[in-house]
Amino acid sequence: MVTDYKIILGLLNQDGRDVVATPAKAKDIIKKVILKPNYQIGGATLTECEGVYTMNDGRQVTEPSIQIDITVNTDYDATTKEQILLFAKDLKNMFNQESIFFSFVENSNSTLIF
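One structure accompanies this document, and this report is about it. (Residues numbered from 1 in each chain as written. Predicted model: local features only at pLDDT ≥ 70, side-chain atom pairs only at ≥ 80, totals over all residues. Heavy atoms only, no water.)

1. Comments concerning the pattern of salt bridges
- Evaluation of the coordinates by the stated rule reveals three salt bridges.
- E48 serves as the salt-bridge partner of K27, at 3.1 Å between the closest nitrogen and oxygen. One end of the pair, K27, is in helix 1 (residues 23-34); the other, E48, is in strand 2 (residues 45-54), and 21 residues separate them in sequence.
- By relative accessible area, E48 is classed as partly exposed at 45%.
- The salt bridge involving K31 is made with D28; its shortest N-O contact spans 3.6 Å. Placement of both K31 and D28 in helix 1 is noted, with a separation of three residues, approximately one turn of the helix. (Salt bridge = Lys/Arg side-chain N within 4 Å of Asp/Glu carboxyl O. Helix = DSSP H or I, 4+ residues; strand = E, 2+ residues; numbered from the N terminus. Buried < 20%, exposed > 50% of the residue type's maximum accessible area, 1.4 Å probe, protein only.)

Okay, structure coming up:
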């Protein structure tokens, strides 16, 4: 079974005023963190993008963001949804975020070609 995960990490702090890291710096941090053994994530695709977000106080902000795509084939990979969710929550804290986008699609039509 293949499951696709998507995490979108905004780069403005939770006050929506200051950029916590440039996209390049954020990707460097994410690459170091994602390969830590406690997450057991074998790899990901990191894409720079721009997000629009409504803060809890009602302000709308546009922010540089990083989209993290992870595909897990459970026939070959022991990574669990809980490990990827923990990774997302840790990123939320590391980057001082009000929220972080997390989605997954089980039994996707994606495949890993070996």
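2. A word on the packing of helix 1 against helix 2 (residues 81-94)
- Direction vectors running N to C along helix 1 and helix 2 enclose 140 degrees, while the axes themselves pass 12 Å from each other. Considering the angle they form, helix 1 stands oblique to helix 2. By crossing handedness, the relation of helix 1 to helix 2 is classed as right-handed. Each of I30, V33 and I34 in helix 1 lies in contact with helix 2, whose residues at this interface are F87, L91 and M94.
- Classifying every residue of the contact of helix 1 with helix 2 gives six nonpolar, no polar and no charged. (Axes fitted to C-alpha atoms, helices over the stretch in contact; angles between N-to-C directions. Parallel < 35°, antiparallel > 145°, perpendicular 65-115°, else oblique. Left-handed = near helix turned anticlockwise from the far one by under 90°. Contact = heavy atoms within 4.5 Å. Nonpolar A, V, L, I, M, F, W, Y, C, P; charged D, E, K, R; others polar.)

3. So, the packing of aromatic side chains
- Counting across every chain of the model gives four aromatic pairs.
- With centroids separated by 5.3 Å and ring planes inclined at 75 degrees, the aromatic side chains of Y39 and F87 adopt a geometry described as edge-to-face. One end of the pair, Y39, is in the loop between helix 1 and strand 2; the other, F87, is in helix 2, and 48 residues separate them in sequence. Both residues of the pair, Y39 and F87, belong to the buried class.
- Ring geometry for F102 against F104: centres 6.3 Å apart, planes inclined by 50 degrees, an arrangement best described as tilted.
- Using a relative accessible area of 34% as the deciding quantity, one classes F104 as partly exposed.
- Pairwise contacts between aromatic rings join Y5, F102 and F104 into one cluster. (Phe/Tyr/Trp six-rings, centres within 6.5 Å; stacked < 30°, edge-to-face > 60°.)

4. Notes on the side chain of E63
- Along the chain, E63 turns up in strand 3 (residues 60-73).
- Among buried Asp, Glu, Lys and Arg side chains, E63 stands out as unpaired, with R59 the closest opposite charge at 10 Å.
- Looking at E63, its side chain comes within polar contact range of the main-chain nitrogen of L11, at 3.2 Å.
- If we ignore the near neighbours within four places in the chain, the residues touching E63 are G10, L11, L12, C49, E50, G51, Y53 and Q97. (Lys, Arg positive; Asp, Glu negative; His and termini not counted. Polar contact = N/O pair within 3.5 Å; in protein donor to acceptor, adjacent residues only side chain to side chain.)

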